[in-house]
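Single-letter residue listing:
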Amino acid sequence: MSQQKRGCGSMKKQCLLLLISLCVAANAAAASTVADPGRFAPVSGKIRDLITYWKVPSIAVAVAYKGQVIWEEGFGFSDPESKVPATGQTVYSLASVSKPITATAIMTLVQKGKVRLDDPINRYLGDDKIVARIGNTEDATIRRVANHTAGIMPHYKTFDADRGEQVPPFSQTIQNFGILVIPPGERFVYSNVGFGLLGHAVETVSGKELGTYLKEAIFDPLGLSTAGVNLAVNETPGVAKRYFYGSQKLPDYDSETPAAGSMFMSAHDLLRFGLFHLKGAIPGQTGAVLTRSSIDEMRTPLRLNDGHLNEQYGLGWEIGRKHGLKWFGHDGGMSGVTTILAIYPTADLVVVVLSNGMTEDDAINSLQDDIVHMVLPATVALDGGFIPTRQEVGTWRGSIQKDNEPISVELNIQKDGSVFIQLDSGPKQGVLLSKKEGPSIHLEGVRALFGNSGISDAPGQIEFNVTLRSKNHLSGYAAFNALRAFGDRWGSNISYWIDMQKM
């Protein structure tokens, strides 16, 4: 039985397949959008290194700043077997980034007067009810379920197509796992079952399958043409195939809680979804979705029984502060999937990173931090990064003494801790990581954009370590570092003397 049919079985799972011709046409027509290519060169270089070292099949990014898309690009292959390049229009599994979409659907029903946030969720589940081992189900409200404070047990299970595994009816999932194991309102417990229940409530109240309701109430009005639920990944053109740590292509699989993690979207469309939650409306929107007050309520913390605020989560959104800024968003991860949607309202910045692969060191997740530092250099210092002294601030020029072929270097250190480097006649590029190591300035994430630097196995990743020797003199070394550039063998780390004078 195909994954597509399995997904539409007794559990009422939706296989809202894309209009294939639309998706393929979008992929064919999509071009990388970069307002300033040199601006993101260090992040692009890190992405390429991740693809090389971790054998990540592909990564797609999309960034909007002050209402404008300033970067949208795909790297690697969304389908390595068929050599299909990734683009901003490639459709990816969203994993837990599905949760704010489900919460948005709940809020549309609240606006219509069909759901009340402070009603018990059992009121909206039809014949299938949650039960309590402790506490009272009357206190397990829609609001608390969407806030992960209803006391529902954490649970997540996938069912693999190649093993013939069948997703059970959701009534069975409620019976087995729709159980309060902590008194509602006591504390935060992340629960995929809880969001599965929210999706079931959407279906019960609307009388429509989740995918159908999402399409009509959210996807179509916002113009999210690539969005879908429970897609048969390996059977659907335009969808990134999922890989387990690089080399192993995964079979199609389903979850019994689709509202928690089984949605799909391109980086381009997820960026639009993020912009909608930032602005309240987006260009090309054809219908009302949520009011400004509903959007704001979704990222409002909920007070626990002891009076403390659950300041890490709103309704479907992770909330708090990052990089010294107010932030809300969500990340996601499951087999062959890594996703991030990060929104900084006071900075008017939205960042999307999607991948059909995984790493063991959260390197894909860290890309959104790198992007924030590129767009907002002052956040480097806010994150406890490099804060230069008055003597270090300024423009420095010199050379890397590489054999008999010195490489000219211009280093610009700014008051806010941002650092820019220009190598030979290449473009000026921002440094991803700047920090102090004793008296030394350590700079990482610099790409040698003029080639492989004459070193056979070095991809051009450079680290600088320089020390102020006098008010006009910096010296130290530049290391061409390829130690982590290969997944199956060690590379090299070759260092050269660097000497610079202040201009």
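Structure: above.
Residues numbered from 1 in each chain as written. Predicted model: local features only at pLDDT ≥ 70, side-chain atom pairs only at ≥ 80, totals over all residues. Heavy atoms only, no water.

Visitor: Help me out: how do you make sense of the overall build of the protein chain in this one?
Guide: Secondary structure summary: the protein chain contains 13 helices and 28 strands in total. Here the protein chain, with 503 residues, has 57% of them falling under the buried criterion. Accessible surface for the protein chain amounts to roughly 19700 Å². Of this, 50% is attributable to carbon and sulfur atoms. (Helix = DSSP H or I, 4+ residues; strand = E, 2+ residues; numbered from the N terminus. Buried < 20%, exposed > 50% of the residue type's maximum accessible area, 1.4 Å probe, protein only. Areas by Shrake-Rupley, 256 points an atom, 1.4 Å probe, with all protein chains shown as cover.)

Visitor: I would appreciate a short explanation of the packing of helix 4 (residues 98-111) against helix 7 (residues 192-206) in the present structure.
Guide: Interaxial distance between helix 4 and helix 7 falls to 10 Å at its minimum, and their mutual angle equals 35°. Along this stretch, helix 4 crosses helix 7, giving a crossing that reads as left-handed. Residues K99, T102, A103, A105, I106 and L109 of helix 4 form the contact with helix 7, whose own contacting residues are N192, F195, L198, G199, V202 and V205. (Axes fitted to C-alpha atoms, helices over the stretch in contact; angles between N-to-C directions. Left-handed = near helix turned anticlockwise from the far one by under 90°. Contact = heavy atoms within 4.5 Å.)

Visitor: Would you take a moment to explain the layout of surface pockets for this structure?
Guide: Vacant regions in the atomic arrangement are exposed by a probe of water-molecule size rolled over the atoms. What the second largest pocket holds in volume is close to 220 Å³. Taken together, D296, R299, T300, P301, E311, I319, G320, R321, K326, W327, F328 and P345 form the lining of the second largest pocket. For the lining of the second largest pocket, the elements supplying multiple residues, two or more each, are strand 16 (318-322) and strand 17 (325-334). The residue inventory of the lining of the second largest pocket, partitioned by class, reads 5 nonpolar, 2 polar and 5 charged. (1 Å grid on protein atoms, 1.4 Å probe; cavity = no way out; pocket = protein on both sides within 12 Å on 5 of 7 lines; lining within 4 Å. Points joined across faces, edges and corners; volume = space filled by probe spheres on them. Nonpolar A, V, L, I, M, F, W, Y, C, P; charged D, E, K, R; others polar.)

Visitor: What is the right way to read empty space enclosed by the protein from this model?
Guide: Within this structure, the stated rule accounts for 2 cavities of 30 Å³ or more. Estimates place the volume of the largest cavity at around 70 Å³. Around the largest cavity, the lining residues are Y156, N230, L231, R242, Y253, D254, S255, G261, S262, F264 and M334. At 3 residues, strand 12 (residues 253-255) tops the list of elements feeding residues into the lining of the largest cavity. A breakdown of the residues in the lining of the largest cavity according to their chemical character gives 5 nonpolar, 4 polar and 2 charged. Its boundaries defined by the atoms lining it, the second largest cavity holds a volume of some 40 Å³. Looking at the second largest cavity, the residues that line it are R144, V145, H148, T149, A150, G151, I152, V189, S191 and G194. A class-by-class count of the residues in the lining of the second largest cavity yields 4 nonpolar, 5 polar and 1 charged.

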